[in-house]
Amino acid sequence: MFISILFSNTGVFAQQNTIKCAMDGPGALPCDDDFSAAYDQATLDAFEPVVLNVYFWELLQDDGTVASGDSYPNWDFEKETLDMIAEYNKVFNPYKIFFKYRGYNSIENNSIYNYDSSNSGFWDLLDDIEDSQDNVGFTTINENAINVYVTAKYENSAARSIFSKQFRVTRGVFYDENHTTNPHEMGHALGLAHTWRSYYGEIYQGFADCEKVSRTPGVGGFNADTHGDRVVDTNAIPNFRDEHRTELINIYMDQGMSYPDAFAAAADYTENYYLDGCVYENQNGADCANTPWIFDEDDIANIMGYAPTTCTSLFTTGQMIRIHEGFVVDCQGVYEDVKTDYASLYKPYKGEYFFDGFPGNNHIPYFQSGFTYFFVHCEGDFDVPATYNETFTYNINGLVKYVSINETDYSTIFHPNHSAIRLVELNTALGVNQVKACYDNWNSPAKDGLLTKFNDNVFNANVTITEQDSTAINNPQLINNLDPGLYAIEKHYEDGAVEQTIILKENE
């Protein structure tokens with residue numbers, strides 16, 4: 001199973017500072033009674049790390065292109081997807097949530113490419129396309145991953161639902177991997193609601209789902225564990241982006257307008273009206289029971305809120321506990337097939353390992369970005385990498401290659417021969433310092449080498465060194481053709497490895 005996410009682009013770069021998410025709605029959340037509402041660090045620490053597969057889809061026209069005006073400079077979808085998987089991991093890894101990159105594909109269909117209406121209509125259309133193509137093996141979903149859809153025409157980003165295998169984001173949002181709409185929609189797919197959910201409940205369903213300011217059980221109508229986003233350590237807050245519109249709607253409705261007419265009349269509202277940068281300045285702001293708001297800069301910075309994306313950067317402990325509890329409850333049947341094992345993070349997303357013969361360009365095992373890799377020297381009989389539970393000899397300080405968590409030259413993130421992998425972020429989450437996947441392959445022919453003869457038949461500086469080309473150093477009769485004596489045969493390989501063999505050849 002996999003989860004789908006959709007991205008879209010209006011072709012307007014100016015919108016990048018605003019979260020535009022079509023996910024909303026009052027009332028109960030799935031499996032409301034199955035969550036603890038805990039928000040202490042000890043509860044979060046007790047969860048084991050989870051790894052989820054992610055697969056990306058680019059929505060294109062019938063001919064496999066995007067329309068003029070929908071493109072972005074230097075657009076390379078593989079690179080964009082690698083940028084995004086790195087961003088997901090950097091945001092969620094500190095909370096023991098990891099993402100395995102499973103690749104990408106395209107959906108070439110004018111109907112879905114040009115669709116720009118309701119969120120539910122988008123998913124219905126996508127399902128129709130899937131159903132109509134079943135007979136030719138065409139698919140619009142990877143059943144074993146979270147699916148992220150990148151669209152060109154749809155203005156808003158949105159998950160299919162809370163606890164969903166699918167979500168979408170605009171092409172422009174996807175282009176900017178630092179845009180917090182991207183982890184925002186992943187948050188929905190993993191079970192999080194907006195922090196401001198139904199903050200003005202009377203517009204929707206009376207006060208049925210309006211979260212009160214109080215954070216003390218039994219005081220001030222405390223309901224943070226059962227209303228709003230159901231997360232106690234996210235304070236009750238307004239929708240910063242649309243608060244001004246809500247005020248205008250209330251004014252127009254007090255004047256006797258219906259809700260649809262008031263909504264239309266408030267169309268000229270100002271987004272983020274009460275935010276000066278990232279500072280809230282509405283002195284009269286209050287919850288639906290008219291209790292003045294009590295929140296701080298962390299609530300403005302919460303990724304699941306609606307402050308400008310330049311302000312948002314964090315999740316809370318309670319939100320992450322809710323996600324982990326959702327993995328366990330899985331009442332929507334989403335995660336069991338989406339989860340994968342820790343071993344998957346030690347396997348390449350592209351390329352392959354050399355086994356024998358002559359290495360080719362495809363014999364480069366590339367690894368996804370967004371992790372800190374230490375490739376350290378290892379030894380063992382591993383023509384292909386050791387499995388996750390196999391043991392081998394390694395030197396934790398014998399650094400062969402280092403890759404930063406922020407590396408963006410993806411051609412440099414590969415597993416060198418004669419090394420094993422120390423993956424820092426997973427080790428931190430597991431509380432270990434493990435090294436995995438030793439690859440120690442000596443089957444390829446050397447590119448050249450040196451033949452050193454110790455003229456006194458002891459190890460000293462009286463030597464004769466002869467350079468060997470590829471033909472000479474790989475000659476199977478090399479040793480047989482040597483005169484008696486003490487020699488060192490040094491082979492140099494394309495991957496930079498050096499193998500040295502000491503030979504004492506006696507008279508026959």
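Look up: the structure comes first, before these words.
The following paragraphs examine the structure supplied in this document. Within any chain, residue numbers begin from 1 and follow the written order of that chain's sequence. The predicted origin of the model limits local features to residues at a pLDDT of at least 70 and limits the giving and counting of side-chain atom pairs to 80 or more, whereas totals for whole chains, interfaces and linings rest on all residues. Values reported for side chains reflect all heavy atoms of the structure, with hydrogen atoms and water molecules removed beforehand.

**Things to note about the overall build of the protein chain**
Test applied: In this description a helix means any DSSP run of H or I spanning at least four residues, a strand means any run of E spanning at least two, and both kinds are numbered starting from the N terminus. For the exposure calls, accessible area comes from a 1.4 Å probe over protein chains only, and a residue counts as buried if that area is under 20% of its type's maximum, exposed if over 50%, partly exposed in between. The Shrake-Rupley method, run with a 1.4 Å probe sphere, supplies the accessible areas, and residue values consider only the shown protein chains as cover. Only four residue types enter the charge count, namely Lys and Arg as positive and Asp and Glu as negative; His and the chain termini do not. All charge positions are set by atom: Lys at NZ, Arg at CZ, Asp at CG, Glu at CD.
Across its full length, the protein chain carries 13 helices and 17 strands. Counting every position in the protein chain, which comprises 508 residues, the buried fraction comes to 53%. Taken as a whole, the protein chain presents about 22,200 Å² of accessible surface, with 47% of it coming from carbon and sulfur. One finds the centroid of the 28 positive side-chain charges in the protein chain at a distance of 2 Å from the centroid of its 75 negative side-chain charges.

**With respect to the state of the cysteines**
What counts, and what does not: Our working definition of a disulfide is a cysteine sulfur pair at a distance within 2.5 Å.
The tally for this structure, following the rule as stated, stands at four disulfides. The disulfide partner of cysteine 31 is cysteine 331, and the S-S distance across this bridge is 1.6 Å. Looking along the S-S bond of the cysteine 31-cysteine 331 disulfide, the torsion reads about 135°, which is the right-handed sense. A residue pair is termed long-range when its members are at least 10 positions apart, and cysteine 31 in the loop between strand 1 (2-8) and helix 1 (41-45) and cysteine 331 in the loop between helix 11 (317-329) and strand 9 (339-340) qualify at 300 residues. In this structure cysteine 331 comes out as partly exposed when scored by relative accessible area, which is 34%. Each sulfur in the disulfide pair cysteine 210 and cysteine 288 lies 1.7 Å from the other. Disulfide cysteine 210-cysteine 288: the torsion about the S-S bond is -115°, which places it as left-handed. With cysteine 210 in the loop between helix 7 (202-205) and helix 8 (243-254) and cysteine 288 in the loop between strand 8 (279-280) and helix 10 (297-301), this pair connects stretches of sequence that are 78 residues apart. Summarising the burial analysis for this pair, cysteine 210 and cysteine 288 share the class buried. Sequence-ordered numbering of the bonded cysteines in the protein chain gives a pairing of 1-6, 2-4, 3-5, 7-8.

**Here's the deal with the sheet that holds strand 17 (residues 498-505)**
Spelled out, the test is: The pairing criterion is simple: DSSP has to find at least two bridges between the two strands. Only the stretch in contact is used when fitting a helix axis, every axis being a line fitted to C-alpha atoms; angles between N-to-C directions are given from 0 to 180 degrees.
Read from one edge of the open sheet, four strands run 15-14-16-17, paired in antiparallel fashion. In the strand order of this sheet, the two ends are held by strand 15 (463-468) and strand 17, each with one partner. Going from strand to strand, the sheet's axes swing by 15° on average, the running direction of each strand aside.

**Remarks on the nonpolar core**
Quick reminder of the rule: In these notes, a set of buried Ala, Val, Leu, Ile, Met, Phe, Trp, Tyr and Cys residues joined through side-chain atoms within 4.5 Å is what counts as a nonpolar core. Working rule for contacts: check all heavy atoms of both residues, and any pair within 4.5 Å makes them a contact.
If you look at the biggest cluster of nonpolar residues, it comprises 69 residues, and the most contacted ones within it are Phe56, Phe92, Phe99 and Leu190. Broken down by element, the residue count for this core peaks at seven residues, all from helix 2 (residues 77-92). Filtering out sequence-adjacent residues up to four positions away, phenylalanine 92 remains in contact with Ile97, Phe99, Pro183, Met186, Gly187, Leu190, Phe315, Met320 and Ile323. Counting residues in hydrophobic clusters, the runner-up holds 15 residues, among them Ile300, Tyr306, Ala307 and Cys311.

**Points about the sheet that holds strand 10 (residues 373-379)**
With antiparallel pairing, the four strands of this open sheet are ordered in space as 11-10-12-13. The open sheet is flanked by strand 11 (393-403) and strand 13 (436-439), the only strands paired with a single partner. Across the sheet, the axes of successive neighbouring strands diverge by a mean angle of 30°, strand direction being ignored. Relative to strand 11, strand 10 is paired through six bridges, and the arrangement is antiparallel. Its bridge partner lying in strand 11, tyrosine 373 is registered against valine 403.

**Concerning the packing of aromatic side chains**
Our working rule: Pairing of aromatic side chains requires ring centres within 6.5 Å, counting the rings of Phe and Tyr and the six-membered ring of Trp. Pairs whose planes differ by under 30 degrees are stacked, by over 60 edge-to-face, and all others tilted. Look at NZ for Lys and CZ for Arg. If either is within 6 Å of the ring centre and within 35 degrees of the ring normal, a charge sits over the ring.
Applying the stated criterion to the full structure yields 38 aromatic pairs. Ring centres 5.0 Å apart and planes at 55° place the aromatic pair phenylalanine 374 and tyrosine 402 in the tilted group. Highlighted residues: phenylalanine 374 in strand 10 and tyrosine 402 in strand 11, separated in sequence by 28 residues. Ring pairs connect the aromatic residues Phe56, Tyr72, Trp75, Phe77, Tyr101, Tyr104, Phe174, Tyr175 and Tyr349, which therefore count as one cluster. One cation-aromatic arrangement involves arginine 322 over phenylalanine 35; the distance from NZ or CZ to the ring centre is 4.2 Å. Lying over the aromatic face of phenylalanine 414, lysine 401 brings its terminal NZ or CZ to 4.3 Å of the ring centre.

**Thoughts on empty space enclosed by the protein**
Quick reminder of the rule: Lining residues are defined by having an atom within 4 Å of a point belonging to a cavity or pocket. Those points lie on a 1 Å grid over the protein atoms alone, cavities being sets where a 1.4 Å probe fits but cannot get out and pockets being open sets with protein on both sides within 12 Å along at least five of seven lines. Grid points are joined across faces, edges and corners, and a volume is the space filled by probe spheres set on the points. For this scheme, ten residues count as nonpolar: Ala, Val, Leu, Ile, Met, Phe, Trp, Tyr, Cys and Pro. Four count as charged, namely Asp, Glu, Lys and Arg, and the remainder, Gly too, count as polar.
Using the criterion set out here, one finds two cavities of 30 Å³ or more in the structure. Computed from the structure, the largest cavity encloses a volume of approximately 40 Å³. Together, Phe35, Ala37, Ala38, Arg230, Val231, Val232, Gly318, Ile321, Arg322 and Glu325 line the largest cavity. Grouping the constituent residues of the lining of the largest cavity by class yields six nonpolar, one polar and three charged. In this model, the second largest cavity occupies a volume close to 30 Å³.

**Comments concerning the side chain of asparagine 223**
For asparagine 223, the position within the fold is in the loop between helix 7 and helix 8. Residues contacting asparagine 223, with those up to four places away along its chain left out, are Cys210, Glu211 and Lys212.

**So, helix 4 (residues 119-132)**
How we decide: What a helix should span is 1.5 Å times the count of its residues minus one. In protein, a polar contact requires one atom able to donate a hydrogen and another able to accept it; more generally it is a pair of N or O atoms within 3.5 Å, and residues adjacent in sequence count only if both atoms are side-chain atoms.
For helix 4, built from 14 residues, the straight-helix expectation of 20 Å at 1.5 Å per residue is met to within 8% by its first-to-last C-alpha distance of 20 Å. Taken together, the buried positions of helix 4 are occupied by Asn119, Gly121, Phe122, Trp123, Leu126, Ile129 and Glu130. Near the N-terminus of helix 4, the side chain that reaches the backbone nitrogen of glycine 121, with its oxygen 3.0 Å away, is that of serine 118.

**Brief notes about the pattern of salt bridges**
As a reminder of what qualifies: Here a salt bridge means any side-chain nitrogen of Lys or Arg lying within 4 Å of a carboxyl oxygen belonging to Asp or Glu.
Across all of its chains, the model carries 11 salt bridges by this definition. Here aspartate 242 makes a salt bridge to arginine 245, at a shortest N to O gap of 3.0 Å. On the accessibility criterion, aspartate 242 (4% relative accessible area) is buried. Among the charged side chains, a network of salt bridges with common partners joins Arg241, Asp242 and Arg245.

**Focus: the packing of helix 2 against helix 6 (residues 181-189)**
Spelled out, the test is: We call two directions roughly parallel when the angle between them is under 35 degrees, roughly antiparallel when it is over 145, roughly perpendicular when it lies between 65 and 115, and oblique otherwise. In a left-handed crossing the near helix is turned counterclockwise from the far helix by less than a right angle, and in a right-handed crossing that turn is clockwise.
Close contact between helix 2 and helix 6 brings their axes to 10 Å; oriented N to C, the two are set at 70°. With respect to each other, helix 2 and helix 6 are oriented roughly perpendicular. Viewed along their axes, helix 2 and helix 6 form a crossing whose handedness is right-handed. Between helix 2, through Met84, Tyr88, Val91 and Phe92, and helix 6, the contact on the second element is made entirely by Asn182, Pro183, Met186 and Gly187.

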